[in-house]
Amino acid sequence: MNDENASTGWDGPRGKIEPHAGLLQQPALDQPLFKVLTVENLIRSIRERYLHFTRVDAYRDFDAADGADGEQLPLDREGNAKSLFQGGQGFSAANYYDQFRSRAYASCFSLENTSHIWNNYGSGGTMGKVCLVTTFGALKSSVNATLRADTSALLVGSALCRQIFDVNYGLVEYVDRDRAQLNEKFLPNPISYIYTKAREYSHERELRVSLSTIGFGKFTVKGIEMQFPSNVKFTFDLKNAMRDQVFGPLLASPDCDMNFLKGELDDLGIDLEIAPSNPSLQLS
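Definitions and limits used
- Residues numbered from 1 in each chain as written.
- Predicted model: local features only at pLDDT ≥ 70, side-chain atom pairs only at ≥ 80, totals over all residues.
- Heavy atoms only, no water.
- Helix = DSSP H or I, 4+ residues; strand = E, 2+ residues; numbered from the N terminus.
- Buried < 20%, exposed > 50% of the residue type's maximum accessible area, 1.4 Å probe, protein only.
- Contact = heavy atoms within 4.5 Å.
- Areas by Shrake-Rupley, 256 points an atom, 1.4 Å probe, with all protein chains shown as cover.
- Axes fitted to C-alpha atoms, helices over the stretch in contact; angles between N-to-C directions.
- Nonpolar A, V, L, I, M, F, W, Y, C, P; charged D, E, K, R; others polar.
- Polar contact = N/O pair within 3.5 Å; in protein donor to acceptor, adjacent residues only side chain to side chain.
- Salt bridge = Lys/Arg side-chain N within 4 Å of Asp/Glu carboxyl O.
- Arc of directions from axis to C-beta.

*Asks:* Is there a simple way to explain the overall build of the protein chain in this structure?
*Replies:* For the protein chain, the count of helices and strands is 8 helices and 15 strands. Put simply, the protein chain has 284 residues, and 49% of those count as buried. Within the protein chain, contacts between residues at least 6 apart in sequence are counted, and of these 83% link residues at least 24 apart. For the protein chain, the accessible surface area stands at approximately 14100 Å², while carbon and sulfur atoms represent 46% of it.

*Asks:* Got a minute to help me understand the packing of helix α2 (residues 74-82) against helix α3 (residues 93-101) in this structure?
*Replies:* Between two packed helices, the angle of one axis relative to the other and the distance separating the axes together describe the packing. Orientation of α2 relative to α3, taken along the N-to-C sense of each, is 115°, at an axis distance of 6 Å. Two secondary-structure elements touch here, α2 through Arg 77, Asn 80 and Ala 81 and α3 through Ala 93, Ala 94, Tyr 97 and Asp 98. When grouped by side-chain class, the residues that make up the contact of α2 with α3 number 4 nonpolar, 1 polar and 2 charged.

*Asks:* When you look at the side chain of Ser 210 in this model, what are you seeing that I'm missing?
*Replies:* Mapped onto the fold, Ser 210 is located in strand β10 (residues 206-212). With relative accessibility at 0%, the residue Ser 210 sits in the buried group. A polar atom in the side chain of Ser 210 sits 2.8 Å from the side chain of Tyr 195.

*Asks:* Would you take a moment to explain unusual backbone geometry for this structure?
*Replies:* Note on backbone geometry: most residues besides glycine have negative phi, and most peptide bonds are trans. Residue Pro 249 is bonded to the preceding Gly 248 through a cis peptide linkage, with omega at -5°. Relative to the helices and strands, Pro 249 is located in the loop between α7 (238-243) and β14 (250-252). Of note, the phi angle at Arg 205 is positive, near 45°, even though the residue is not glycine. Secondary-structure assignment places Arg 205 in the loop between β9 (196-198) and β10. Its relative accessible area of 36% is what places Arg 205 among the partly exposed residues.

*Asks:* How do you make sense of the pattern of salt bridges when you look at a structure like this?
*Replies:* Pairing between side chains becomes possible if they bear opposite charge and their charged atoms approach one another. The final tally for this structure, using the stated rule, is 17 salt bridges. The partner of Arg 205 in a salt bridge is Glu 112, and the shortest N-O contact between them spans 2.8 Å. Here Arg 205 is found in the loop between β9 and β10, whereas its partner Glu 112 is found in the loop between β3 (105-110) and α4 (115-120), with 93 residues between them in sequence. With relative accessibility at 35%, the residue Glu 112 sits in the partly exposed group. Among the charged side chains, a network of salt bridges with common partners joins Asp 69, Lys 197, Glu 204, Glu 206 and Arg 208.

*Asks:* Honestly, helix α1 (residues 39-48) in this entry has me stumped. Any pointers?
*Replies:* Residues of α1 that are buried: Val 39, Leu 42, Ile 43, Ser 45 and Ile 46. Along the long axis of α1, the arc covered by the buried residues comes to 160°, so they all point the same way. Where the residues of α1 are buried, they touch β1 (32-38), β2 (50-55), β4 (129-135), α7, β14 and α8 (258-267). In the stretch just after α1, Arg 49 is the one whose phi turns positive, near 60°.

Honestly, that's just the spatial picture; any functional story needs more than this.
Structure follows, in structure tokens:
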């Protein structure tokens, strides 16, 4: 996302840092955070300098993933559909919320180190799993510093464009989706839906980092409509973050290939404590 020769791909507003902080619940800055991933993906993320974000309407981390993640609530949809934008040629609030969701991305952390996150995340590898450990304050400070840089830009194919994504942080609110309603008095800010999930997922205890942009119109780059892929790589110097102890220690699953992991970290010049995932966790 960073390049000192970034050019403006469109004339819309530049993405902001935490513009919706007042609408979201955040934990204490010293709150521990945990993120499980495969050893291969960790090493790839370090070497290629990125944090992985998934489009909110495309979460398929595991078979029981929430297909309605970030979607407007059922009781809200009828009222949202009846709320039309002036001059919008039938474009409703419901359309806006759906389009906003289809352009919003999230990177998720858990407030707790549990068997659930070890059993359900970080699948598909052959070298075992690891867990990044950080605190909310350290993570937020590092991500914000990356976006605050004067060189921050968006890379679309080979074209460098203005950085259009807002970054926000918040605890996911778990609700009874069949009974909850956010639009009883006013139309909610679309970010509220991005941080709302069904109550049956409350055991995830999720802290979400989101990247989102406006839900109106289309974005074009050199006359071609911009597509929003299911996954994006947010440029982030994970190597320096680990050296600076933004992350640490690194937790490893019982089946982790320690020789491979330690060899890769040594090759990268990273000296980081590696500890067991948790002796009390029952991993499947």
